[in-house]
Amino acid sequence: MPKRTGKSSLSTFALIAILLTSNIAFSQAAPRALTSADYAAAEKFMGYNTNPLVTGTVRANWLPDNRFWYRNTTASGSDFVLFDPAKGKGEPAFDHAKLAAALSAVAGRTLDPAKLPFQTLEFSPDGQSIIVNLGPRRFTCDVQGNKCSVASAPEMGAQAPGRGAPGGFAPRNDAPSPDKKRTAFIRDNNLWVRDVATGKETQLTTDGVKDFGYATDNAGWTKSDRPILLWSPDSKKVATFQQDQRGVGEMYLVETKVGHPTLQAWKYPLPGDDVVTTIQRVIIDVDAAKVIRLQMPADQHRSTLCDHVACRGNDWADVEWNADASRLAFVSSSRDHKVAQLRIADASTGAIRDVLEEKVPTQYESGQGRVNWKYLPASNEVIWFSERDGWGHLYLYDQTTGKLKNQITSGEWGVLQLLRVDDKARTLYFLASGREKGRDPYFTHLYKVGFDGKNLTLLTPEDGNHEVTLSPSGKYFVDIYSKPDVPAVTVLRDSDGKLVATVGKTDISRLLATGWKPPTPITVKARDGQTDLYGLMFKPTNLDPAKKYPIINHIYPGPQGGSVGSRSFSASRGDAQSLAELGFIVVEIDGMGNPTRSKKFHDAYYGNLGDNTLPDQVIAMKELATKYPFIDIEKAGIYGHSGGGYATAGAMFHYPDFFKVGISEAGNHDNREYEDDWAERYQGLWDPKKPDANYDAQANQNFAKNLKGHLLLAHGTTDDNVPPYNTLLVVNELIKANKDFDLLLLPNRRHGFGNEPYMVRRRWDYFVRYLMGAEPPQGYELKPPDARGAGLGQ
């Protein structure tokens, strides 16, 4: 018995020792668990929660008489203000209580005067009546609020009922004339006009057929049923084109549903295609329904501004009429964007005269967000934009001879947008960046200068990013200035920059009361060790400097933009602060290769899209880790959408020992599988019949075998911008290399799924689990307002 007892005691002690050891091992291996409360605290900093806490924002809407109106947000809702520069003050745009009562009577619903749920609001030219949208219905009211009635038809230029815009409104698929008497539209590949008063429709072209129609809006990566054209100032002529897509390759997508799938097919040219989309320019005499073809070969489907011929909404880029519609100026761009040719056409005969030509070794662009050349027939001149001296500047040319008269702007800074040309005063008003030393070179300021380059004047002196809206006459402008970490002040100035009034100041007191903190502006060195790079750093609001935090890079490489985006104040930038709140340091850094600085800076990785600014990102993150000891540089992650998804996978393949976790969403992983204009502009032309190490080097799938960390690939199955085959090319090579990875395909989603609650939650989960080494809460559900059943105006 004692022997048995002794054996039993030994076994008991051994068992206890094993259990203790197991418990210690389990406690060491058990990951930290984040809770739903942790995620809820992070969700508090999503835009749908932070933006309503910001009040006093102003967005000016100018009227023809130099007054403007804006919606003033308040803690209890909002009110509408009509501001008169002559008086230097604003007043209620209408009697809110009376208008709410009058609208309630005809709309059949009770409206709160402090929360008028207008999807759109338009003032009449005299400011005495307004047109508003409530759901699918439109109403006309007098500003005194005495009477409202149902609008019989949508006003010209307004939105019409449809699906795809907030409140059930979608953009109209017609193009109103300047005098608002007629509107142009496409029917059966031909261009028509409708008389607004009578409804009479007239066919302008007759030979449009499938894949060779008039005013077609299809760039492959984006398309619509709207017509692309430019009415003449007198509303008697239309400049447009017949778009030749015959023989152009197609893209195919299939919708997911029960039963036979629905095939989507459309023209989508790719780099290296023998046949790509071209346009044959025409001018149409509307009254005579006569088509005048310009006497020239077909032009490439290109512009000097973007990867489409329409770059600002429905605006046809690079086309301008003279005042009497006898001449039409336009720019023809080569397929690779290396040559831009300014031409002038005779509107009655179609005869063409070449004015000037710009050739560049990389790619030519005429501005940032706006075409910066200007046709000046009254003085027989042309203002031209060029980066020939290494910076974006304006030049004055003789229109007849095509010879340079003088350079207008100069220096180590760049013109961004030419906003106004005062022919009589021979003065230009333009936005520029990088001129004011000691300030973020991405901050935008407004300037004016004479045609002769003299009297350059800064009109917006405050240190910050300036969003400027000019009055129709050019006599005044509204200036909203702010910084990423400093809320906005809105002022009204005259054309000389003199302060007329302070319109408003953004109030973030309620936002601050939640514990919100702004991102930290950062400056780091680029790959060359000399060039300054700029960005933002997001930290947990309860940061403990004694702790270590994994670092996540939110990337968008460009080359037409950057990671940071706008330099103006914003209560939220995507989910960057929310992600930081979970226990990360999140950074956004604009690397070399982004626009708005020097030409050399922008061309830093021309012909090597696979660079994706990654050398700058890695060096910058390491530098930040030396400056801020709370950054754990051994735990580096990266994520991005579209071009950012492309860069993310590239980071995981080219820097596998540095980046441990990546989330790549909707990436254009091989630009030979993306629309032709993009790659041929920034990578160069490609001949599929010849070996091309250059194009091979930009293709992510060729480096998939290098993956070491955790990679989540996500794509929408009906993405008609960046087709999902881009991601599947990478998936195929990862499988061939026997690599573990994660794949999320979102059925029937197009390109913009990155901010869907499910995608956001999966993003948080992935970084929490694999970069932080913790367990996320099971199935947390983000609930933006539309998912909570909030109504209009709430």
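Sequence order as written defines residue numbering, which begins from 1 separately in each chain. In keeping with the model being predicted, local features are shown solely for residues with a pLDDT of at least 70 and side-chain atom pairs are shown and tallied solely at 80 or more, while totals for entire chains, interfaces and linings include all residues. Working from all heavy atoms in the structure, the side-chain values ignore hydrogens and water.

## Details of the side chain of Asp 318
Then, number 1: Only DSSP runs of H or I with at least four residues qualify as helices, and only runs of E with at least two residues qualify as strands; both kinds are numbered from the N terminus onward. Looking at the element boundaries, Asp 318 is found in the loop between strand 27 (315-316) and strand 28 (319-321).
Then, number 2: Burial here depends on accessible area, computed with a 1.4 Å probe over protein chains only, as a share of the maximum for the residue type. Under 20% is buried, over 50% is exposed, and the range in between is partly exposed. The convention is simple: Lys and Arg are positive, Asp and Glu are negative, and His and the chain ends are not counted. Criterion for a salt bridge: a side-chain nitrogen of Lys or Arg within 4 Å of a carboxyl oxygen of Asp or Glu. For Asp 318, which is buried and forms no salt bridge, the nearest opposite charge comes from Arg 281, at a distance of 6.8 Å.
Then, number 3: Here a polar contact is recorded for every N or O atom pair within 3.5 Å, except that within protein the pair must consist of a potential hydrogen donor and a potential acceptor, and residues adjacent in sequence are included only if both atoms are side-chain atoms. Here Thr 304 takes part through its side chain, which lies 2.7 Å from a polar atom of the side chain of Asp 318.
Then, number 4: In this structure the side chain of Asp 318 is engaged in a polar contact, spanning 2.9 Å, whose partner is the side chain of Trp 373.
Then, number 5: Should any heavy atoms of two residues lie within 4.5 Å, those residues are counted as being in contact. Ignoring sequence-local partners within four residues, the contact set of Asp 318 consists of Ser 303, Thr 304, Ala 329, Phe 330, Val 331, Ser 366, Val 371 and Trp 373.

## Looking at the pairing of strand 50 (residues 710-716)
Then, number 1: Of all seven residues that make up strand 50, six are buried, and the element is covered over most of its length.
Then, number 2: A pair of strands is considered paired only if DSSP assigns at least 2 bridges between the two. Relative to strand 50, strand 49 (residues 659-665) is paired through five bridges, and the arrangement is parallel. Its bridge partner being in strand 50, Glu 665 is matched across the sheet by Ala 714.
Then, number 3: As judged from the five bridges shared by strand 50 and strand 51 (residues 742-746), these two strands associate in the parallel manner. Paired with Leu 712 across the strands is Asp 742, a residue of strand 51.
Then, number 4: Regarding the hand of the β-α-β motif, the stretch spanning strand 50, helix 12 (residues 725-736) and strand 51 is right-handed. Seen with its strands pointing away from the viewer, a crossover is right-handed if its path from the first strand over the helix to the second goes clockwise.

## Quick look at the state of the cysteines
Then, number 1: Two cysteine sulfurs form a disulfide in these notes if their separation is within 2.5 Å. What the rule picks out here adds up to two disulfides.
Then, number 2: One disulfide bridge connects Cys 141 with Cys 148, the sulfur atoms lying 2.2 Å from each other. Its S-S torsion of about 115° marks the bond between Cys 141 and Cys 148 as right-handed, since a negative value means left-handed. Neither residue differs from the other here; Cys 141 and Cys 148 are each classed as buried.
Then, number 3: Two residues share a disulfide in this structure: Cys 306 and Cys 311, whose sulfurs sit 2.1 Å from each other. Sign of the S-S torsion, about -85° for the bond between Cys 306 and Cys 311, identifies this disulfide as left-handed.

## Some remarks on the side chain of Thr 304
Then, number 1: Positionally, Thr 304 belongs in the loop between strand 25 (299-300) and strand 26 (310-312).
Then, number 2: Separated by 2.6 Å, the side chains of Thr 304 and Ser 366 make a polar contact.
Then, number 3: Contacts of Thr 304, omitting those with residues within four sequence positions, involve Asp 318, Val 331, Ser 333, Ala 340, Tyr 364, Glu 365, Ser 366, Val 371 and Arg 681.

## Topic: helix 4 (residues 96-107)
Spacing of three or four residues puts side chains on the same side of an α-helix, whose turn is 3.6 residues.
Then, number 1: Expected helix span is given by 1.5 Å per residue-to-residue step, counting one fewer step than there are residues. Along its twelve residues, helix 4 runs 16 Å from first to last C-alpha, staying within 8% of the 16 Å computed at 1.5 Å per residue.
Then, number 2: Looking only at helix 4, the buried set comprises His 96, Leu 99, Ala 100, Ala 102, Leu 103, Ser 104 and Ala 107.
Then, number 3: The inward-facing, buried residues of helix 4 abut strand 4 (78-84), strand 5 (89-92), strand 7 (129-134), strand 8 (137-142) and strand 9 (148-150).
Then, number 4: Here helix 4 starts with a cap whose side-chain oxygen sits 3.2 Å from the backbone nitrogen of Ala 97, and that cap is Asp 95.
Then, number 5: Positive backbone phi, approximately 75°, marks Gly 108, located one or two places after helix 4.

## Concerning the packing of aromatic side chains
Then, number 1: Any Phe, Tyr or Trp ring, taking Trp's six-membered ring, that has another such ring centre within 6.5 Å forms a pair; planes under 30 degrees apart are called stacked, those over 60 apart edge-to-face, and the others tilted. For the structure shown, the criterion picks out 25 aromatic pairs.
Then, number 2: Ring centres of Phe 68 and Phe 83 lie 5.1 Å apart, and the angle between their planes is 15°; on these two criteria the pair is classed as stacked. Taken as a pair, Phe 68 in strand 3 (residues 68-73) and Phe 83 in strand 4 lie far apart in primary sequence, 15 residues in all.
Then, number 3: Given a relative accessible area of 0%, Phe 68 falls into the buried group.
Then, number 4: Between Tyr 628 and Phe 630, the aromatic rings sit 5.5 Å apart at their centres with planes inclined by 45°, giving tilted as the arrangement.
Then, number 5: With a relative accessible area of 23%, Tyr 628 lands in the partly exposed category.
Then, number 6: An aromatic cluster of at least three residues, connected via ring pairs, comprises Trp 62, Phe 68, Tyr 70 and Phe 83.
Then, number 7: The positively charged end of Arg 246 is found above the aromatic ring belonging to Phe 212, 3.8 Å away from the centroid.
Then, number 8: Over the ring of Trp 413 we find Arg 435; its NZ or CZ atom is 6.0 Å from the centre of that ring. Whether a charge sits over a ring comes down to the Lys NZ or Arg CZ being within 6 Å of the ring centre and within 35 degrees of the ring normal.

## Remarks on unusual backbone geometry
Then, number 1: The step from Gly 558 to Pro 559 runs through a cis peptide bond, and the omega angle for that step is 10°.
Then, number 2: Looking at where Pro 559 falls in the secondary structure, it is placed in the loop between strand 46 (549-554) and helix 6 (576-581).
Then, number 3: The phi dihedral of Arg 426 falls on the positive side, at around 50°, and the residue is not glycine.
Then, number 4: Along the polypeptide, Arg 426 turns up in the loop between strand 36 (414-422) and strand 37 (427-433).
Then, number 5: Residue class for Arg 426 comes out partly exposed when judged on its relative accessible area of 33%.
Then, number 6: At Asn 612, a position not held by glycine, the phi torsion is positive, near 55°.
Then, number 7: Here Asn 612 lies in the loop between helix 7 (599-602) and helix 8 (614-627).

## Some details on the sheet that holds strand 43 (residues 499-505)
Then, number 1: The four strands lie next to each other as 40-41-42-43, forming an open sheet whose pairing is antiparallel. Strand pairing shows two members of the sheet lacking a second neighbour, strand 40 (465-470) and strand 43, which therefore form its edges. This sheet shows a mean twist of 20° between the axes of neighbouring strands, independent of strand direction. Whenever a helix is involved, its axis is fitted only over the stretch in contact; in every case the axis is a line through C-alpha atoms, and angles between N-to-C directions fall within 0 to 180 degrees.

## Description of the confidence of the model for the protein chain
Caution is warranted with low-pLDDT regions, since their predicted coordinates should not be read in detail.
Then, number 1: A residue's pLDDT is the predictor's confidence in that residue, given on a scale from 0 to 100. When the pLDDT values of the protein chain are averaged, the result is 92; 93% of them are 70 or greater.
Then, number 2: In this model residues 1-28 is a low-confidence stretch, pLDDT under 50, and it forms zero contacts with partners more than four residues away in sequence or in other chains.
Then, number 3: The low-confidence segment residues 153-169, where pLDDT is below 50, has 45 contacts with residues more than four positions distant or belonging to other chains.

## Quick look at the nonpolar core
Then, number 1: Each nonpolar core is a collection of buried residues, namely Ala, Val, Leu, Ile, Met, Phe, Trp, Tyr and Cys, held together in the definition by side-chain atoms within 4.5 Å. By size, the foremost hydrophobic cluster in this structure holds 39 residues, and its most contacted members are Ile 585, Val 587, Ile 589, Ile 631, Phe 653, Phe 659 and Leu 734.
Then, number 2: Beyond its immediate chain neighbours, meaning those up to four positions away, Phe 659 contacts Val 618, Met 621, Ala 636, Gly 637, Ile 638, Ala 651 and Met 652.

## Section: the pairing of strand 38 (residues 444-450)
Then, number 1: Of all seven residues that make up strand 38, seven are buried, and the element is covered over most of its length.
Then, number 2: Residues Thr 444, Leu 446, Lys 448 and Gly 450 line one face of strand 38 and the alternating positions His 445, Tyr 447 and Val 449 line the opposite face, and both faces are buried.
Then, number 3: Pairing of strand 37 with strand 38, which is carried by seven bridges, proceeds in the antiparallel orientation. The residue bridging Tyr 429 from the neighbouring strand is Lys 448, located in strand 38.
Then, number 4: The pairing of strand 38 with strand 39 (residues 457-458) spans two bridges and is classified as antiparallel. Each bridged residue has a counterpart across the sheet, and for Tyr 447 the counterpart in strand 39 is Leu 458.
Then, number 5: Between strand 38 and strand 39, which pair antiparallel and follow one another directly, the connecting turn spans six residues, one of which, Gly 453, has a positive phi of 85°.

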